[in-house]
Structures are given as structure tokens and as C-alpha cells.
Amino acid sequence: MSTPAPAVPARGTDTEGLQVTATELARRSRLPGWLLILWRNRKCRIGLLMLGAFIVVAIFAPLIAPYGPRDDDFPTSLGPTGGHWLGTTAQGEDVFSQLVVGARTSLIVGLAAGLLSTLIGLVIGLTAGYLQGWVDEVLSFLINLGLVVPALPLMVTLAAYAPVRGLWLIIFVISVTGWAYGARIKRSQIITLRTRDYITAARFAGDGTARIIAREIVPNMTSLIVVGFMGAALGAIGGEAGLAFLGLGDPQTVSWGTMLNQASLGGALLTGQWAWLIAPGLALSLLITSFTLINFGIDALSNPHLREE
């Protein structure tokens, strides 16, 4: 009796060479593991693509904008036309060109102010949580003071009475009013980390305070620091838009907030120029949404249960 021939796997079925799991793909890929985790998360992937589109627009704004943002040689208060896709302002400026250039301002403010406030909160929070004692009491008092002082009135006051106006003033105002919440969270986290065995071992090995914080503690707080930066950047983008809308921004700087301010002052609703009013608000909403979606992937970095294969 003849022995039946071994079955040959049909084309398209899983064979040993084709059985590649997501983990194996991560190992074979040259991309960093954290980037693969972010990219696998669907919400984060959408957010990264949206943020990447805004970054490309901001970088190549002079090439994308058909006109200069301050060119006022066009008819005033035009609706959307072939030559002016979003119409013109009450001063005869092209709305689409201002929208493109304004992306650069919002991203600069968000990244710079978010980074600065994150650094301030990180230094104060880590110092207070690790050293404790009278240092913790003094810094905790400053943190609590920063939390109870209303941020918006303080921002408005600082921006209104500053002797000079400019983009970096807005960044400074947003940074000094938005660090306290991040510092409070980082202080709480380092209090739990400073008693771990590996911290005690590093202390007995003779490592100094700065080395222990930089080499042992900060790497274990990466996700928390990144999440804090994203939140600070979101607050900075919204804060700049709010100050500019109130007329407290730099009048020489084109941003989405100044566009909303000029649309309000120019009577965009009365003249039926919906594009002039809606476009900067929609752009702000999409940029803030992109940061929010990226946060889902950042959460997956610290919580393996949230990761998508």
C-alpha cells in the first residue's frame, strides 16, 4: 500500500517563512521600537499624518502661499474666487496666504512654549521630589501658588502691560504661566521612584544627585515627560490664539489668532465672508486634534495593554 504524499501548502496559506508576527516585524525593522508602537496605533497614526502635514505647510509656507501675507493690493472683502481661494480681508489681503503663513506661527509658539514650560516644570518637579525637606516645601509652595493663580487673567495682564510686543513675549508669557501643573505631576512621580532599589543602589555606589536624576530617574519618566510636553504645546497654541484674538498679540505677526481678530473687527459675519472666519478656527481645531490623537500612541508607550498589533 503506497504512502500518501505530504500535503503541499496552497499558495496564500501561512508557511514557516510567512508567519511573521508584529513583534518579529519590529525586530527586523530598522525603525526604533517606540516609533513602531506609535505608528501601529490607528489614532496616533492619523495624528502623526495630520501634524506632519501642518509641519510641511509651515516649512514651505513661502512657496505654498500665492501672495505675501501682508500684500494689500487686492480688492477688499472679496468672497472665495479663483484668484483668492478664501477671499480677501477688509484691508485687501489674501486670506489663504495668511492661513498658510499662520501655521508657522502656531507651530513655533506651540513647540517653543511647550518645551520651555516642560523644562521649567521638569526641573522644579524633580528637584522638589528628590531632595524633599525644606527645598520641597519651598518649591511646593511655588507650585501650589502657580496652580491657584488664574492663568488666563495673568497671561492677559502680562501681555497687556509688557513694554514690548513680539512673538517671543507671547512664548515667555505662556511658559511662565503653564509650568505648575506639569511640575506637580512630576514631583509626585519622582517621590515614588526615589525609594526604588536601583536608586538606592546608585546612591550607595557613590553617584551624585544630578547623575542619579539624569541616568536613573528621567529615563523612567519619558512617557510622562512627553505627555506633559504635548499638553503644554496644546495649551500654548490655544493661549497664543486667545491672546491674539483679544488683540494682545504682535500686530506684525501673522497667526491664526490675529486672523480671527481681524475677521471679527472687519465684520466678516456682516459681509458674509465665512471662509475668512471659519478657516483659521478650523485650522486651529485640526492642529489641536492632531496633538490629541498622538497622545493615544504616547499612552501606549507606557501601558502595553493599550498597544495595537
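Observations regarding the overall build of the chain
And step 1. Helix and strand counts for the chain stand at 15 helices and zero strands.
And step 2. Sequence-distant contacts, at least 24 apart, represent 68% of the contacts inside the chain between residues at least 6 apart.

Points about the nonpolar core
And step 1. Counting 32 residues, the largest nonpolar core has Leu99, Trp256, Leu287 and Phe291 as its most contacted members.
And step 2. Elements with a contribution of two residues or more to this core: α3 (42-59), α5 (95-131), α12 (222-245), α13 (256-265) and α15 (274-302).
And step 3. Take this core: its biggest share by element is eight residues, from α15.
And step 4. Setting aside anything within four residues of it in sequence, one finds Trp256 in contact with Phe54, Leu99, Gly102, Ala103, Ser106, Pro280, Ala283, Leu284 and Leu287.
And step 5. Counting residues in each nonpolar core, the second largest holds 14 residues, with Ala113, Ile170, Val173 and Leu243 among its members.

Considering the environment of Asp299
And step 1. Counting through the fold element by element, Asp299 comes out in helix α15.
And step 2. Each C-alpha atom, one on Asp299 and one on Ser223, is 7.3 Å from the other, the two residues being 76 residues apart in sequence.

Some words on the side chain of Thr253
And step 1. Looking at where Thr253 falls in the secondary structure, it is placed in the loop between α12 and α13.
And step 2. With near-sequence residues (within four places) excluded, Thr253 lies in contact with Arg70, Thr105 and Thr258.

A short note on the packing of helix α6 (residues 133-148) against helix α9 (residues 180-193)
Any two packed helices are characterised by how steeply their axes cross, that is the angle between the axes, and by the distance between the axes.
And step 1. Running from N to C, α6 and α9 cross one another at 140 degrees; their axes reach a closest spacing of 8 Å. With respect to α9, the element α6 is oriented oblique. The two elements α6 and α9 cross, and the hand of that crossing is left-handed. Note on element contacts: α9 touches α6 through Ala180, Tyr181, Ala183, Arg184 and Arg187, opposite Asp136, Ser140, Ile143, Asn144, Gly146 and Leu147.
And step 2. Among the residues making up the contact of α6 with α9, the classes are represented as five nonpolar, three polar and three charged.

A few points about the packing of aromatic side chains
And step 1. All chains considered together, the criterion is met by three aromatic pairs.
And step 2. For the pair Trp85 and Phe96, a centre-to-centre distance of 5.0 Å together with 50 degrees between the ring planes defines the contact as tilted. Here Phe96 lies in helix α5 and Trp85 lies in the loop between α4 (61-64) and α5, a separation of eleven residues in the sequence.
And step 3. For Phe96, a relative accessible area of 18% translates into the label buried.
And step 4. Stacked on the ring of Phe296, the Lys or Arg Lys43 has its end atom at 4.3 Å from the ring centre.
And step 5. Above the ring of Tyr130, the side-chain terminus of Arg194 is found at 5.6 Å from the ring centroid.

Focus on the pattern of salt bridges
And step 1. As enumerated under the stated definition, the model contains three salt bridges in all.
And step 2. We note a salt bridge from Arg70 to Glu93, for which the minimum N-O separation is 3.8 Å. With Arg70 in the loop between α4 and α5 and Glu93 in the loop between α4 and α5, the pair connects residues that are 23 residues apart, well separated along the chain.
And step 3. Taking relative accessible area as the criterion, Glu93 reaches 7% and is therefore assigned buried.

Brief notes about the environment of Tyr181
And step 1. Within the secondary structure, Tyr181 sits in helix α9.
And step 2. Overall, the relative accessible area of 59% leaves Tyr181 in the exposed class.
And step 3. Between the C-alpha atoms of Tyr181 and Asn144, which are 37 residues apart in sequence, the distance is 8.8 Å.

Observations regarding unusual backbone geometry
Backbone geometry follows two general trends: most residues other than glycine have a negative phi, and most peptide bonds adopt the trans configuration.
And step 1. Of note, Ser77 is a non-glycine position whose phi angle comes to about 55 degrees, a positive value.
And step 2. When you line up the elements, Ser77 lands in the loop between α4 and α5.
And step 3. One non-glycine residue, Gln132, adopts positive backbone phi at about 55 degrees.
And step 4. Note that Gln132 resides in the loop between α5 and α6.

What to know about the packing of α5 against α15
And step 1. Packing of α5 against α15 leaves a shortest axis separation of 11 Å and a crossing angle of 30 degrees. The orientation of α5 with respect to α15, classified from their angle, is roughly parallel. For α5 against α15, the interelement crossing comes out right-handed. Across the interface between the two elements, Val95, Leu99, Ser106 and Leu107 from α5 touch Trp276, Ala279, Pro280, Ala283, Leu284 and Leu287 from α15.
And step 2. Looking at the contact of α5 with α15, its residues break down into nine nonpolar, one polar and no charged.

So, the confidence of the model for the chain
And step 1. In the predicted model, the chain carries a mean pLDDT of 83, and the fraction of residues at 70 or more is 88%.
And step 2. For the chain, the element scoring lowest by mean pLDDT is helix α1 (residues 22-28), at 51; α3 scores highest, at 94.
And step 3. Across residues 6-22, where pLDDT falls below 50, the model places eight contacts with residues more than four positions away in sequence or in other chains.

Cut-offs and rules
Residues numbered from 1 in each chain as written. Predicted model: local features only at pLDDT ≥ 70, side-chain atom pairs only at ≥ 80, totals over all residues. Heavy atoms only, no water. Helix = DSSP H or I, 4+ residues; strand = E, 2+ residues; numbered from the N terminus. Contact = heavy atoms within 4.5 Å. Core = buried A, V, L, I, M, F, W, Y, C linked by side-chain atoms within 4.5 Å. Buried < 20%, exposed > 50% of the residue type's maximum accessible area, 1.4 Å probe, protein only. Axes fitted to C-alpha atoms, helices over the stretch in contact; angles between N-to-C directions. Parallel < 35°, antiparallel > 145°, perpendicular 65-115°, else oblique. Left-handed = near helix turned anticlockwise from the far one by under 90°. Nonpolar A, V, L, I, M, F, W, Y, C, P; charged D, E, K, R; others polar. Phe/Tyr/Trp six-rings, centres within 6.5 Å; stacked < 30°, edge-to-face > 60°. Lys NZ or Arg CZ within 6 Å of the ring centre and 35° of its normal. Salt bridge = Lys/Arg side-chain N within 4 Å of Asp/Glu carboxyl O. pLDDT = per-residue confidence, 0-100.

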